[in-house]
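# Chain and residue survey
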Amino acid sequence: GTDPFLRLYNLFSDVVARAEWISDDLFFVLFEDGTFQQFNLAEHAVVTASVSRDLFDLLQKASFNDGIFVHAEDGVLKEMVFVDGAWDFQAVPLPSWAQTIDGFSVTPFFFYIQKGAALWQIGRTDETITLLPVVATDDSSWQVWDRVLFNTAENRLVWFDQNQEVHFVTTSGRVDHLVFTPEGTSFLFSVAGDVFLVDPTVSLTPVFVTRFSHVIDDLAWYDDPFHFLVLEDDTLTLCEQDGGNCTIVDQNVQNFVVAPDYYTVFVYTAKSVIQAFTLTLEKGFLSF
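Residues numbered from 1 in each chain as written. Predicted model: local features only at pLDDT ≥ 70, side-chain atom pairs only at ≥ 80, totals over all residues. Heavy atoms only, no water.

What follows deals with the pattern of salt bridges. For the coordinates displayed, the defined rule picks out 3 salt bridges. Glutamate 20 is the partner of arginine 18 in a salt bridge, and the nearest nitrogen-oxygen pair spans 3.1 Å. By relative accessible area, arginine 18 is classed as buried at 15%. Here aspartate 194 makes a salt bridge to arginine 211, at a shortest N to O gap of 2.7 Å. Taken together, the residues aspartate 194 in strand 19 (residues 194–198) and arginine 211 in strand 20 (residues 207–211) connect sequence positions 17 residues apart. Under the relative-accessibility criterion, aspartate 194 is labelled buried at 16%. (Salt bridge = Lys/Arg side-chain N within 4 Å of Asp/Glu carboxyl O. Buried < 20%, exposed > 50% of the residue type's maximum accessible area, 1.4 Å probe, protein only. Helix = DSSP H or I, 4+ residues; strand = E, 2+ residues; numbered from the N terminus.)

Now the structure itself:
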């Protein structure tokens, strides 16, 4: 269930600029007025402080994956660390040729480093290095999820299975969001208002799941691989994996974040209220 520490704590009240999980135990909220709060679930501690405009802009653009990573002005990939009430920047240990880069993405298992038109995959733990079959022209020409790349120029997913074999999946348009199931084999992705499922144990052909009337703003798995959450046009909806029995959770949602446990959901609304809750599914009814 929801961590009681987060349920009991009264979060700072202002317009939320960004809310992310830094790691399984660290949750981060950045507010429009430059205030940030970092919650440590392991130690049941919270830190509230302010950031400068430069740091605010960095945090808006940062990549959150078991750390906070930014592309510094000198072209070096660095990790932002908040220690003893102040921010520090530590260069990420990469091969010497990858120290100065043109772009990056970070996933739980890999650093994706862009150097010119080349894109490299570097293991975060085993330090394996792979040149990927993707030509990059600028930071916006590709998107990266764990083991999946999307080439925006070709509307094509490049997927690496667990044996590192490469597969190509052509889509009907630009992929907005992509999420793996917890076991990391199947994945959902959205194109505009359409949701598709790829289950490689069955086929590499995307299977249409469900359609929404607006472009989807966010997509996440919930309750392991059995349900998923969709945010579109301020409406948060919970659907079964096959797209059936969709239930509206809330119609006043600006954004949401699902915790690593796949059960706790953080929602912040147009009124700048943040709620931490779990959804209970019993006999087709939805409750908080």
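Judged by pairing direction, the sheet is antiparallel, and its 4 strands sit side by side in the order 17-18-19-20 without closing on themselves. At either margin of the open sheet sits one strand with a lone partner, and together these are strand 17 (175–180) and strand 20. In this sheet, adjacent strand axes meet at a mean angle of 25° when their direction is disregarded. By the bridge criterion, 5 bridges tie strand 17 to strand 18 (residues 187–191) in an arrangement that is antiparallel. The partner of valine 175 across the bridge, within strand 18, is valine 191. (Pairing = 2+ DSSP bridges. Axes fitted to C-alpha atoms, helices over the stretch in contact; angles between N-to-C directions.)

Another point: the sheet that holds strand 5 (residues 63–64). Strands sit in the order 5-6-7-8 across an open sheet of 4 strands; the sheet is antiparallel. Edge positions in the open sheet fall to strand 5 and strand 8 (86–91), since each of these has one partner strand only. As paired elements, strand 7 (residues 77–83) and strand 8 share 6 bridges and run antiparallel to each other. Residue valine 81 lies in a different strand from strand 8, and its bridge partner there is aspartate 88. Helix-sheet contacts for helix 2 (residues 53–61) involve strand 5, strand 6 (68–71), strand 7 and strand 8, and the interaxial angle to strand 8 is about 55°. (Contact = heavy atoms within 4.5 Å.)

By themselves, these observations are geometric and do not establish any function.
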